[in-house]
Amino acid sequence: MTNLSEQIIADLLLEYTGQELTDSRRWRIGSALSGLFRERGLDNVEQLVVLLSEQRDNVLAKETVDALLNNETYFFRDKPMFDQLENDVLPRIAKQNEKQKRISIWSAGCSTGQEALTLAMMFADQPMRWKGWTIDILATDVSNKAIKAARNARYTQFEIQRGLGVGQMLQHFEETSQGWQPDRAIRDMITFQQHNILEPMVRATRFDLVLCRNVLLYFCADTRRRAFDRLVEAMAPDGWLMLGAGETSVGHTDAFIPARKLPGLYRPFEAAEATEEQEGTNLAAAR
Amino acid sequence: MKKCLIVDDSRVIRKVSRHILESLAFDVSEAENGQEALDACEQSMPDLILLDWNMPVMSGIEFITKLRARNGGDGPKVVFCTTENDVAHIRAAIDAGADEYVMKPFDHETLQIKLQLVGMA
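Each value, and the rule that gives it
- Residues numbered from 1 in each chain as written.
- Chains lettered and ligands numbered in written order.
- Predicted model: local features only at pLDDT ≥ 70, side-chain atom pairs only at ≥ 80, totals over all residues.
- Helix = DSSP H or I, 4+ residues; strand = E, 2+ residues; numbered from the N terminus.
- Rg over C-alpha atoms; globule rule 2.2 N^0.38 Å.
- Buried ≥ 20, exposed ≤ 12 C-beta atoms within 10 Å, placed from the backbone.
- Contact = placed C-beta atoms within 7 Å.
- Expected span 1.5 Å × (residues − 1).
- Arc of directions from axis to C-beta.
- pLDDT = per-residue confidence, 0-100.
- UniProt positions renumbered as here; feature names shortened; annotations may be inferred.
- Core = buried A, V, L, I, M, F, W, Y, C linked by C-beta atoms within 7 Å.
- Domains from an automatic or database assignment.
- Nonpolar A, V, L, I, M, F, W, Y, C, P; charged D, E, K, R; others polar.
- Pairing = 2+ DSSP bridges.
- Axes fitted to C-alpha atoms, helices over the stretch in contact; angles between N-to-C directions.

K.L.:
A description of the overall build of chain B should follow, citing residues and the corresponding values.
P.N.:
In terms of helices and strands, chain B carries 5 helices and 5 strands. When the helices and strands of chain B are read in sequence order from the N terminus, they spell out β-α-β-α-β-α-β-α-β-α. Scaling as 2.2 N^0.38, a compact globule of 121 residues should have a C-alpha radius of gyration of about 14 Å, and chain B matches this with 13 Å. The dimensions of chain B, computed from C-alpha atoms along their principal axes, are 35 × 30 × 25 Å. Here chain B, with 121 residues, has 40% of them falling under the buried criterion. When contacts within chain B are restricted to residue pairs at least 6 apart in sequence, long-range pairs at least 24 apart make up 60% of them.

K.L.:
I'd love a proper account of helix α7 (residues 114-124) of chain A, names of residues and values included.
P.N.:
Within α7 of chain A, 9 of the 11 residues are buried, which leaves the element mostly enclosed by the surrounding structure. What α7 of chain A keeps buried is the set Q114, E115, A116, L117, T118, L119, A120, M121 and F123 of chain A.

K.L.:
Go over helix α12 (residues 221-234) of chain A with me, naming the residues and quoting the values.
P.N.:
All names here are of chain A. Given a rise of 1.5 Å per residue, 14 residues ought to cover 20 Å, and the 20 Å separating the end C-alpha atoms of α12 matches this to within 8%. Looking at α12, one finds that the buried residues are R224, A227, F228, L231, V232 and A234. Buried residues in α12, looked at end-on, bunch into an arc of 160°, giving them a common side. In α12, those exposed residues whose orientation departs by more than 90 degrees from the buried face are D222 and E233.

K.L.:
I'd like a description of the confidence of the model for chain B, backed by residues and values.
P.N.:
Residues with a pLDDT of 70 or more make up 100% of chain B, whose mean pLDDT is 96. Overall fold confidence for the complex sits at a pTM of 0.91, while the interface term, ipTM, reaches 0.89.

K.L.:
Provide a residue-level description of the interface of chain B and chain A, including the pertinent values.
P.N.:
Between chain B and chain A, the residue contacts involve 14 residues of the former and 9 residues of the latter. Of all the secondary structure elements, the ones that give two or more residues to the side of chain B that touches chain A are α4 (87-96), β5 (100-103) and α5 (108-117) of chain B.

K.L.:
Summarise the UniProt feature "modified residue: 4-aspartylphosphate" (unreviewed entry) in chain B; cite the residues concerned and give the values.
P.N.:
Residues and elements named next belong to chain B. Taking the UniProt record as the reference, the feature "modified residue: 4-aspartylphosphate" (unreviewed entry) is found at D52. Secondary-structure assignment places D52 in the loop between β3 (48-51) and α3 (60-69). The contact partners of D52, leaving out residues within four places of it in the chain, are V7, D8, D9, G60, C81 and T82.

K.L.:
Tell me about the nonpolar core, and please be specific about residues and values.
P.N.:
Ranked by internal contacts, the top residues of the largest apolar core, which has 109 residues, are A120, V210 and L241 of chain A together with L51 of chain B. The biggest single contributor to this core is α7 of chain A, with 6 residues. Residue contributions to this core reach at least three from each of two domains, namely domain 1 (2-68) and domain 2 (79-286) of chain A. Not counting chain neighbours up to four residues away, the residues in contact with L241 of chain A comprise V210, C212, L231, M235, F256, L265 and Y266 of chain A.

K.L.:
Lay out the domain arrangement of chain A in plain terms, naming residues and giving numbers.
P.N.:
All names here are of chain A. Looking at the assigned domains, one finds that chain A contains domain 1 (2-68) and domain 2 (79-286). Listed per partner, the contact involves 6 residues of domain 1 and 10 residues of domain 2. A per-class count over the side of domain 1 that touches domain 2 returns no nonpolar, 3 polar and 3 charged.

K.L.:
Please give an account of the sheet that holds strand β6 (residues 207-212) of chain A that cites residues and values.
P.N.:
Adjacent strands of a sheet pair through backbone hydrogen bonds, lying either parallel or antiparallel. Residue and element names in this part refer to chain A. If you walk across this open sheet you meet the 7 strands as β5-β2-β1-β6-β7-β9-β8, and the pairing is mixed. Both outer strands of the open sheet, β5 (190-194) and β8 (256-258), are each paired with one neighbouring strand and no more. Ignoring strand direction, the axes of neighbouring strands in this sheet form an average angle of 25°. Its contacts with the sheet put α7 on β1 (102-108), β2 (134-141), β5 and β6, and the angle it makes with β2 is roughly 170°.

As structure tokens, then:
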């Protein structure tokens, strides 16, 4: 019964998010759902499955899926990646977008908002450099609960000091009775929205930069390919994609090519082709 | 090997901090209060000081003020590590010359990232 119940829960996660709960990760189910068990007065997965089968709406199903999702995140996670953005990528995007003075960024799989806030702080820390520019950051996550927390934007003592230097904390955050809150200038750069990365991103403008870190690793090969297709559709033809440490597009899709000399960064194939022509590099070798 | 001085009146905190710092390849020594720490710095200036606020004999804020005024006292990176977690205390620490601030309780990862921020890990 337990294996069957765990399979039902895994299928639910797959249906709602596209994420796979492989056999090696099944052990997480009990601990991940313990809070939900307490809230609902349940003792085990079997009881949850019975309750799920009796529910007419999908509230409990969504709560179950939310509880299973990994919302691990912190400020400036993998700091060298943000240094690359600041030193190598943003100057190139700024050059491309000099006329419109607008940069559109998508934090795909933003969890509770720290990644999007990190990006916003990078711009806010150079007010003269970005004066007159519109910085538009869309931050999305499949988890409703995570998006609610991101919109609420109150960080605990543990969360605020994870990755964030004390100078930036004092400069951009205010201590409130509910936690540390980013100031309005930072928050106003970001729109938080619940969205499944496997669904098309309907939007008038395309993104110059997309961060999709530690999301694709939960997908099977076919789903991952679909996700790459959705990402490239949403991006400007000469845009940039940043993946998480240990993730790559190589072997999973032809839509992206690793950016030259910039680990963790990828470019739509067309943009890489243009760069190849300019720089005389061998694209076939890069793939 | 970089040298770190842990200044805290709690034996438990010193032990936990020592465990983390030794795993990050620091040569660790300890002091129970600010005066002991100043004496230790007189003998040999460390690269990093992990500093509590409230201690008997001499507080952390008094220690860092005296350390920074001393010849060579601007060398060590000083990371406050304390239960004083309001903005006023944090600003006072930075104004007195602290490089970073860790609010207790903390874990290995939080401390390691803070040390990276000051170029010590």
